[in-house]
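Per-entry structural report
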There are 2 protein chains.
Amino acid sequence: MVPKTPSTTAEAGTARERLLAAAERALLESGYERLSLRSVNVAAGMNPAAVHYHFGSKDALVAALLEDRLGPLWQDALADLSARAEDGVPPSVADLVDVVITPLVELAADPLGRLRLHLLARFVLGRRRGLPAAFTARWFGLEPWARLLRATRQDLTEREAARRWALAFALVLQHFGDPLADAPGEPAPPGTLRTFVMAGLDA
Amino acid sequence: MVPKTPSTTAEAGTARERLLAAAERALLESGYERLSLRSVNVAAGMNPAAVHYHFGSKDALVAALLEDRLGPLWQDALADLSARAEDGVPPSVADLVDVVITPLVELAADPLGRLRLHLLARFVLGRRRGLPAAFTARWFGLEPWARLLRATRQDLTEREAARRWALAFALVLQHFGDPLADAPGEPAPPGTLRTFVMAGLDA
DNA sequence: GCACCGATTCAAGCACTGATTGAATCAGTG
DNA sequence: CACTGATTCAATCAGTGCTTGAATCGGTGC
């Protein structure tokens, strides 16, 4: 599961990509709180209004970066699990948790991945504007996850399953993305987190 | 369990308290991200350097507000539970979780309490400078909690118990404090959270 | 009462911030 | 070539946390 490569969409043009690359470098260097649009514009060799022209706002720049650099990590695995569940072989709760956690562990193994997790956690947990609803739904639509949990735990209501997943994702995102920290470091090994979340979902 | 009353320490003087009160009002009105020191200074009827003179920085102002307004919610209950454990009656995991959650539910019942939870979550989860180490240890020293958990679950190492509590507090603080939101609203009823955290600790 | 000294208050100023504005330039089309 | 929409540009705005040096205040000792 590799991070998504930079967009080469023809109509996006070079200016947008230069701004995204400059923003990513600045974020890596000094973090989200100190991200200055002026320095992004300068680093991209453009005028001071470039970010606003192309993206509309600071948040939208970062949201665009996220959307461009981070694909839907769980989409394939989620489709597999859903297909299995329909074949009468529902995944265990451990399977579900591992599907969620494994790609995050990989992402967190290098600074660029960690930056992306950090931004994702900030935007999702902060419910920041800028991310298109489609992006958020693709990432954090809880309905498929709730459905899979209930395939094993048929005693849970749909609402209860969704609530549990909301808590699980909140904790997982916080663990891997450390959204409130200035400079997110390497997360702790996920053993305890895995145990905790599995138990919480299967309570 | 009432929020702590404003400090009446003689050497703090009127200026500090005026600034704290003005800051609290501004925070209630427009939230942490939009807290402007100029407006706090004006609202307190003071000159533009007052916050810096008395507190040193914006973060330190808010940390001082937190420290002044929010006492150690769990101190008494923690002492009770520790005494019982020493008498050979260890608390159940449910008892532990209820001790943590109950005062937070009360705080979250009104906007002022929610503001304080929000600030607490921001500072603690963001590991913000400004809070004295003693304050943080009093609030989030995990050792007594780990000890109580291990009184029931003697199979857990001290490290594992502490790790589980770190996750539990992170999730609980996020749930009640919603630290990344601009305007924290009322948290969802804590039933699912309680179940989730209890299961996670007792996994 | 006066001088001294530390604490406090004050206004002005600094460098920086996201965002806006109107003009200039560019590139494609008929 | 003229037109048009897209893009770039520099200047500007209102606001930000923070610093600075001067003025004022209040307490103390002589």
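Whatever comes next refers back to the structure up there.
All of these numbers come straight from a predicted model, not from anything done at the bench.

1. Observations concerning the overall build of chain A
When you go through chain A residue by residue, the secondary structure sums to eleven helices and zero strands. Helices and strands appear in chain A in the N-to-C order α-α-α-α-α-α-α-α-α-α-α. Looking at the 203 residues of chain A, the share that counts as buried comes to 49%. Residue pairs in contact within chain A that sit at least 24 positions apart in sequence constitute 70% of those at least 6 positions apart. Accessible surface, chain A as shown: approximately 9300 Å² in total, 55% of it carbon and sulfur.

2. What to know about the environment of Phe196(A)
Mapping Phe196(A) onto the fold places it in helix H11 (residues 191-201). Along the primary structure Phe196(A) and Leu171(A) are separated by 25 residues, whereas in three dimensions their C-alpha atoms are 9.8 Å apart. For Phe196(A), the contacting residues outside a window of four places in its chain are Leu171(A), Arg164(B), Leu167(B), Ala168(B), Phe196(B), Val197(B), Gly200(B) and Leu201(B).

3. Section: the protein's contact with DNA strand D
Every one of the 16 residues lining DNA strand D counts as a neighbour, but Asn47(A), His54(A), Leu35(B), Arg38(B) and His52(B) are closest to it. Counted by atom, the contact set of DNA strand D within 4 Å of the protein is 47% sugar and phosphate. Contacts to DNA strand D include Arg38(B), whose side-chain N or O atom sits 2.8 Å from a base oxygen. For the surface near DNA strand D, the secondary structure elements donating two or more residues are helix H3 (50-54) of chain A together with helix H2 (37-43) of chain B.

4. Examining the protein's contact with DNA strand C
Every one of the 16 residues lining DNA strand C counts as a neighbour, but Leu35(A), Arg38(A), His52(A), Asn47(B) and His54(B) are closest to it. When atoms of DNA strand C within 4 Å of the protein are sorted by moiety, sugar and phosphate together comprise 49%. The separation between a base oxygen of DNA strand C and a polar side-chain atom of Arg38(A) is 2.8 Å. Backbone polar atom of Asn47(B) to a phosphate oxygen of DNA strand C: 3.1 Å apart, as the coordinates give it. Here the residues of the surface near DNA strand C are counted per class, giving eight nonpolar, five polar and three charged.

5. With respect to the side chain of Arg153(B)
Residues and elements named next belong to chain B. Turning to its location among the elements, Arg153 is positioned in the loop between helix H9 (143-152) and helix H10 (158-177). For Arg153, a relative accessible area of 14% translates into the label buried. Among the polar contacts listed, one links the side chain of Arg153 to the backbone oxygen of Ala203, at a separation of 3.0 Å. Once residues lying within four places of it in the same chain are set aside, the contact partners of Arg153 are Arg164, Leu201, Asp202 and Ala203.

6. So, helix H5 (residues 75-86) of chain B
All names here are of chain B. The terminal C-alpha atoms of H5 lie 17 Å apart, and with twelve residues this matches the ideal 16 Å at 1.5 Å per residue to within 8%. Of all the positions in H5, only Leu78, Leu81 and Ser82 are classed as buried. End-on view of H5: buried residues confined to an arc of 100 degrees, all on one side of the axis. Counted as exposed and oriented over 90 degrees from the buried face of H5: Asp76 and Asp80. For H5, the secondary structure elements touched by its buried residues are helix H6 (93-107) and H9. Of the residues flanking the end of H5, it is Gly88, one or two places downstream, whose phi is positive at about 85 degrees.

7. Things to note about the nonpolar core
Counting residues in each nonpolar core, the largest one holds 130 residues, and the members touching the most others are Trp165(A) and Trp165(B). Ignoring anything within four residues of it in the chain, the contact list for Trp165(A) reads Leu96(A), Val100(A), Leu142(A), Trp145(A), Ala146(A), Leu149(A) and Leu201(A).

8. Comments concerning the interface of chain B and chain A
Counting residues at the interface gives 31 residues for chain B, matched by 31 residues for chain A. Of the roughly 2500 Å² buried between chain B and chain A, counting both surfaces, carbon and sulfur atoms make up 62%. For chain B, the biggest contributors to the area lost against chain A are Leu167(B), Leu180(B) and Phe196(B); these three give 31% of the whole. The interface formed by chain B and chain A includes zero salt bridges. Linking chain B to chain A there are four residue pairs in polar contact (both at pLDDT 80 or more). Of all the elements in the fold, those that place two or more residues in the side of chain B that touches chain A are helix H7 (111-125), H10 and helix H11 (191-201) of chain B. Counting residues per element, the side of chain B that touches chain A draws most heavily on H10(B), at nine residues. Of the residues belonging to the side of chain B that touches chain A, the class tally is 15 nonpolar, six polar and ten charged.

The rules behind the values
Residues numbered from 1 in each chain as written. Chains lettered and ligands numbered in written order. Predicted model: local features only at pLDDT ≥ 70, side-chain atom pairs only at ≥ 80, totals over all residues. Heavy atoms only, no water. Helix = DSSP H or I, 4+ residues; strand = E, 2+ residues; numbered from the N terminus. Buried < 20%, exposed > 50% of the residue type's maximum accessible area, 1.4 Å probe, protein only. Contact = heavy atoms within 4.5 Å. Areas by Shrake-Rupley, 256 points an atom, 1.4 Å probe, with all protein chains shown as cover. Near = heavy atom within 4 Å. Polar contact = N/O pair within 3.5 Å; in protein donor to acceptor, adjacent residues only side chain to side chain. Nonpolar A, V, L, I, M, F, W, Y, C, P; charged D, E, K, R; others polar. Expected span 1.5 Å × (residues − 1). Arc of directions from axis to C-beta. Core = buried A, V, L, I, M, F, W, Y, C linked by side-chain atoms within 4.5 Å. Buried area = accessible area lost by both parts, 1.4 Å probe. Salt bridge = Lys/Arg side-chain N within 4 Å of Asp/Glu carboxyl O.

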